[in-house]
Amino acid sequence: MNSLLKHCAAGMLIAMPLFAGAAGDGRLTLEMLYHPEQKIDTKLKPLSRLSWDAQNRLIESAMKDGALQQSVVDLQSWQKTALGKENPVTAILRKAGIEDRQVSAIADKLGAEIRPGVDAYLFTYKNDLWLLDLKAGISRELTHTPDQAEDEAILSPDAKSVAYLKGNDIYLTDIATAKETRLTHDGSETNFNGRLDWVYMEEVYGRGKLRAFWWAPDSSKLAFLNFDESKVPVYTLAGEHAQPVRTERTRYPKAGDPNPVVRLGILDKNGKLSWTENPYPEQETLIVQVGWTPDGKLLSSWQNRVQTWLDLRMYDADLKKSKVMVRETSPAWVERLPFPLFLKDGSFLWESDRTGHRHIYRYRSDYQLIGAVTKGDWDVRELHGVNEKAGEVYFSANERNPIGNDLYAASVDGKSLRRLTQEKGSHQIRWNSDFSHYIDSWSSLLHPPKQGVFTAQGQLLKLTDETPVPAAVQSLKLAKVSQQQIKARDGFLLESLLYLPPDFDPKRKYPVYQHLYAGPMAPQVNDRWSNDLYPHFLAQQGYIVWVLDNRSASNKGAASAWGIHRNLGAGELQDQLDGLEWLRAKGWADMDRIALNGWSYGGYFTSYAMTHSKAWKIGFVGAPVTDWHLYDSIYTERYMGLPSENKEGYERSSVIKAASALNGKIMIMHGTMDDNVHPQNMVMLIDALIKNDKEYSLQLYPGMGHGPRGAWEIWSLQKAKWKFLKENL
């Protein structure tokens, strides 16, 4: 849920501005948005592919007719000079014997990865690992086991070896000779070497990231995690959408269940194995970060099971014992924190939420705190680096804009701070290595993406891209959009978005469609561009669309979320009710006709709100957690603690336990193969509703995971929601 819950299924609402000049009647239909064969094209023109090479030159790259074209851009004249010969990627692939029907797909994927100064790239073809060597102009097969897939392949820093997984073991192939060496030999269904298990992937390292091994900077060895899954319970998804049945069995620890036992090991290139010592032999722990310092020292971050502390540890030369560099504690939970950034004198910069806001701190080489580099009631979003010659630290933060971010420079001693970006919005920054220039890609609620190249002082050298609004969107009569802050009853400023009908009349009463996510640190109100037209469709149909982030979802510092610790649901509901009071005071919202929509954590909160208040008439409950005993251990225990130590909190937060109090009508939506929020949640809620004589509507999506992904499934979902909305609100 830490990653996927933030993706909320189709119908997620983020702002899009009003554009005048509609052609025809300028009205949207549901088919224009979602029908697989009738939907309009709202995709934006992609930005130019700009990057920096090792010499700090600006490089523009493009794939044209299967050939990679790269040019060096002069920052003063903006003249472009071809960087060597074109690399005909498709021709190289065809010459290597890749089938024509596969060439384009492989070339497109590789084209997105190619960077200046890097010549070697990996790809998979017919279940084997291949190398694309741009310098030599060849592509060749590295493995020869088509009956056994390789995955998570990564080149060594010197590009002379590649490490990868086969099943649950780590292998290495020498690039020059294509000789394969098996580094681990005991991988099994319950013993994972170098491969993340489900709960670590989902809640710690990020969905889709399965690699649990890391090259040392000198390419001589690998650090890796080993997972003993033998005590982790198995959850079975029946897979009855197909014949034969496509059953999936996943080891999945629910709250309070045994977690995998994890060890940190070291492998050399010949397979010699050594284990680091467990510094917490009497405790259940999580290893949440592994990596190396630039000079080759091993680092790891450890947390206790319920994540109330985090230790950053550095290992000695023999990679056995380790010392704590920094310990973080919290009155609620500690977020997984980035590794430190080391300076030439051995001191380092460290990000911490210790004040309730994310800030940067400087430590000496002996791990003693020097002081804060940044401070205030705002949060650092990303630490970009340090220009030691200038004595400046560069980072993105929300100091000016709580729903966006800007680029800042601060002195290393923390005595000065200056903002480099001018336009408000959300900025993505890419510095060159000497911090003399940066590329900025940004957008806002009201403006589609732009891109430019700037000096370290924030001076614009060239606006390279200014994305136009798609023609299909310019012709539409869209909602009147506003973003505002609303005071909760205790004065906390809640962020909100409001979409009013194009022909809005303040003397009328309008039904309200409210969308939320509500989960910790996952805001829906963001100052960036979105192509989502669904709120505008609803506004054209005469609905007010309302989006409000309760404080725990706002990402305005960790402290804003700590109040929900061990008691999910109640605090979020209080803030959402305060938001509705603001709407009520406006006079044009029909407070007896409000719909609530959410998916995943949003589905949990929608079902919680419909059983713990009477403010909403109908609810769209997507893939909900319905009792926190049923969700995974790492996410749930971070916010709720262990079930054995918080029985009342689990009881109070349960929707299943509150089924008898359901008020209004709900539509439950769930994929039958959801390996994240299991269908068990939905089935147990329905069982409780039936036993309490409560009605519900149900939409199932056969074979779908945590939200429908296929075009026809999304169309089916949106049709059903629109029908339910019209008939019941």
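Rules behind the numbers
- Residues numbered from 1 in each chain as written.
- Predicted model: local features only at pLDDT ≥ 70, side-chain atom pairs only at ≥ 80, totals over all residues.
- Heavy atoms only, no water.
- Helix = DSSP H or I, 4+ residues; strand = E, 2+ residues; numbered from the N terminus.
- Buried < 20%, exposed > 50% of the residue type's maximum accessible area, 1.4 Å probe, protein only.
- Salt bridge = Lys/Arg side-chain N within 4 Å of Asp/Glu carboxyl O.
- Pairing = 2+ DSSP bridges.
- Contact = heavy atoms within 4.5 Å.
- Core = buried A, V, L, I, M, F, W, Y, C linked by side-chain atoms within 4.5 Å.
- Phe/Tyr/Trp six-rings, centres within 6.5 Å; stacked < 30°, edge-to-face > 60°.
- Lys NZ or Arg CZ within 6 Å of the ring centre and 35° of its normal.
- Axes fitted to C-alpha atoms, helices over the stretch in contact; angles between N-to-C directions.

**Quick word on unusual backbone geometry**
Move 1: Between Gln243 and the following residue, Pro244, the backbone shows a cis peptide bond with an omega angle of 0°.
Move 2: As for its placement among the helices and strands, Pro244 is situated in the loop between strand 15 (234-237) and strand 16 (248-251).
Move 3: One non-glycine residue, Leu319, adopts positive backbone phi at about 60°.
Move 4: Within the secondary structure, Leu319 is located in the loop between strand 21 (309-315) and strand 22 (322-329).
Move 5: Under the relative-accessibility criterion, Leu319 is labelled buried at 9%.
Move 6: With phi around 80°, Ala518 is a residue other than glycine that occupies positive phi space.
Move 7: Its location among the elements puts Ala518 in the loop between strand 37 (510-515) and helix 6 (534-540).

**Here's the deal with the pattern of salt bridges**
Move 1: Inspection of the entire model under this criterion finds 37 salt bridges.
Move 2: Linking Asp406 and Arg400 is a salt bridge whose minimum nitrogen-to-oxygen distance equals 2.8 Å.
Move 3: We note a salt bridge from Arg551 to Asp575, for which the minimum N-O separation is 2.9 Å. Taken together, the positions of Arg551 in the loop between strand 38 (544-549) and helix 7 (559-562) and Asp575 in helix 8 (residues 570-586) put the pair 24 residues apart, joining distant regions of the chain.
Move 4: One salt-bridge network, in which partners are shared between bridges, spans Glu99, Arg101 and Lys126.

**Re the pairing of strand 20 (residues 298-304)**
Move 1: Most of strand 20 is tucked away, with seven of its seven residues classed as buried.
Move 2: Where strand 19 (residues 285-292) and strand 20 come together, seven bridges link them in antiparallel fashion. Bridging across to strand 20, Thr285 finds its partner in Asn304.
Move 3: Connecting the antiparallel pair strand 19 and strand 20 is a turn made up of five residues, with Gly296 showing a positive phi of about 95°.
Move 4: Across five bridges, strand 20 lies against strand 21 in antiparallel orientation. Counterpart to Ser301 in the pairing with strand 21 is Leu312.

**Examining the side chain of Ser444**
Move 1: You can see Ser444 is positioned in the loop between strand 32 (437-443) and strand 33 (450-455).
Move 2: Exposure remark for Ser444: the relative accessible area of 8% places this residue in the buried category.
Move 3: Apart from residues lying up to four places away in sequence, Ser444 is in contact with Lys424, Gly425, Asp527, Arg528 and Trp529.

**Digging into helix 10 (residues 633-640)**
Move 1: Burial within helix 10 is extensive, with eight of its eight residues counted as buried.
Move 2: Contacts made by the buried residues of helix 10 are with helix 4 (198-205), strand 19, helix 9 (601-612) and helix 11 (647-653).
Move 3: Of the residues trailing helix 10, Gly641 is marked for its positive phi of about 75°.

**Comments concerning the nonpolar core**
Move 1: Core analysis: the biggest nonpolar cluster contains 107 residues, and Tyr200, Leu225 and Trp628 have the highest contact counts within it.
Move 2: When neighbours within four sequence positions are excluded, Leu225 is seen to be in contact with Phe192, Asn193, Gly194, Arg195, Tyr205, Ala212, Trp214, Val262, Arg263, Leu264, Ile287 and Val290.

**Let's talk about the packing of aromatic side chains**
Move 1: In total, this model carries 43 aromatic pairs according to the counting rule given.
Move 2: With a centroid separation of 5.5 Å and an interplanar angle of 50°, the aromatic rings of Phe224 and Trp275 are classed as tilted. With Phe224 in strand 14 (residues 221-228) and Trp275 in strand 18 (residues 273-275), this pair connects stretches of sequence that are 51 residues apart.
Move 3: Phe224 sits in the buried class, given a relative accessible area of 0%.
Move 4: Residue Trp275 is classed as partly exposed on the basis of its relative accessible area of 23%.
Move 5: Cluster of aromatic residues (ring-pair linked, three or more members): Trp333, Tyr517, Tyr601, Tyr604, Phe605, Tyr608, Trp628, Tyr631, Tyr635 and Tyr639.
Move 6: Across the ring face of Phe213, the terminal group of Arg211 is positioned such that the distance to the ring centre comes to 5.8 Å.
Move 7: Arg354 extends its terminal NZ or CZ atom over the ring of Tyr361, reaching a point 4.4 Å from the ring centre.

**A look at the sheet that holds strand 28 (residues 392-397)**
Move 1: Across the sheet, which stays open at both edges, the four strands sit in the order 27-28-29-30 with antiparallel pairing between neighbours. Each edge of the open sheet is held by one strand with a lone partner, namely strand 27 (380-387) and strand 30 (417-419). Neighbour-to-neighbour, the strand axes of this sheet turn through a mean angle of 25°, independent of strand direction.
Move 2: Across three bridges, strand 29 (residues 406-411) lies against strand 30 in antiparallel orientation. Note on strand 30: the bridge partner recorded for Ala409 is Arg418.

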